[in-house]
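If you want the building blocks of each chain, they are given just below.
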Amino acid sequence: MVRREFDLVLSLYRREGHGPPPHIEHHFAELPDGPLTAAQIADVERFAVLAAEAVRAGRLTLVRCHTGLNRSGLVGAQALVELGLGVPAAIDRIRQRRSPRALHNRLFVQYLESGLPTARLLAELDS
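Residues numbered from 1 in each chain as written. Predicted model: local features only at pLDDT ≥ 70, side-chain atom pairs only at ≥ 80, totals over all residues. Heavy atoms only, no water.

(A) View of the pattern of salt bridges. Taken as a whole and judged by the stated rule, the model has 4 salt bridges. Among the ionic pairs, Arg59 bridges to Glu25, the shortest N-O distance being 2.9 Å. A residue pair is termed long-range when its members are at least 10 positions apart, and Arg59 in the loop between α1 (38-56) and β3 (61-64) and Glu25 in strand β2 (residues 25-28) qualify at 34 residues. Arg59 sits in the partly exposed class, given a relative accessible area of 30%. (Salt bridge = Lys/Arg side-chain N within 4 Å of Asp/Glu carboxyl O. Helix = DSSP H or I, 4+ residues; strand = E, 2+ residues; numbered from the N terminus. Buried < 20%, exposed > 50% of the residue type's maximum accessible area, 1.4 Å probe, protein only.)

(B) Region of the structure containing unusual backbone geometry. One non-glycine residue, Leu103, lies in the positive phi region at around 60 degrees. Within the fold, Leu103 resides in the loop between α3 (87-97) and α4 (106-114). Judged by relative accessible area, Leu103 falls into the buried class, the value being 1%.

(C) The arrangement of the sheet that holds β3 in detail. Pairing is parallel in the open sheet, where 3 strands are placed in the order β2-β1-β3. Looking at the sheet topology across the chains shown, the edges are occupied by β2 and β3. Pairs of neighbouring strands in the sheet enclose a mean axial angle of 10 degrees, with direction left out of account. Looking at chain direction, strand β1 (residues 8-11) and β2 are connected through 4 bridges and run parallel. The residue bridging Ser11 from the neighbouring strand is Phe28, located in β2. In the packing of α1 onto the sheet, contacts are made with β1, β2 and β3, and the angle to β1 comes to roughly 160 degrees. (Pairing = 2+ DSSP bridges. Axes fitted to C-alpha atoms, helices over the stretch in contact; angles between N-to-C directions. Contact = heavy atoms within 4.5 Å.)

(D) Local environment of the layout of surface pockets. Approximately 370 Å³ is the volume attributed to the largest pocket. Taken together, 16 residues make up the lining of the largest pocket; nearest its centre are Thr61, Gly76, Leu80, Ile94 and Arg98. If you list the elements that add at least two residues to the lining of the largest pocket, you get α1, β3, α2 (71-82) and α3. Top element by residues in the lining of the largest pocket is α2. It accounts for 5 residues. Residue composition of the lining of the largest pocket, by class: 9 nonpolar, 3 polar and 4 charged. (1 Å grid on protein atoms, 1.4 Å probe; cavity = no way out; pocket = protein on both sides within 12 Å on 5 of 7 lines; lining within 4 Å. Points joined across faces, edges and corners; volume = space filled by probe spheres on them. Nonpolar A, V, L, I, M, F, W, Y, C, P; charged D, E, K, R; others polar.)

(E) Fine view of the packing of aromatic side chains. Taken as a whole and assessed by the stated rule, the structure comprises 1 aromatic pair. A centroid spacing of 5.9 Å and a plane angle of 25 degrees characterise the contact between Phe108 and Tyr111, whose relative ring orientation is stacked. Of this pair, Phe108 and Tyr111 are both found in helix α4, 3 residues apart, which corresponds to roughly one turn of the helix. Seen from the ring of Phe28, Arg14 lies directly overhead, with NZ or CZ sitting 3.8 Å from the centre. (Phe/Tyr/Trp six-rings, centres within 6.5 Å; stacked < 30°, edge-to-face > 60°. Lys NZ or Arg CZ within 6 Å of the ring centre and 35° of its normal.)

Below is the structure:
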């Protein structure tokens, strides 16, 4: 439950009563824990940029989803890539800091490895 601990909250799952309060900057995008559409991959890219910019500015940032493993791991890893880490190092960092089970969704790892712009273009071709 988010109260006042963060300057920015990026939510990939919504649950009533779990905040943040109105004065905290909050962005929401509904993402499944499975194959993403091109628009959903674009949301991941947008959230990763928001997170990276906030970290650069010294803002305490929370990226959250239902279990904190895959969807938030995908955004978090991409934010680390935006901050200059390579993809393997970003994935390792997420697994070290969140859980060894983070990013166990192999498709999300493939999105990161191929690059989100490429994954988005491939998703557009599939639709």
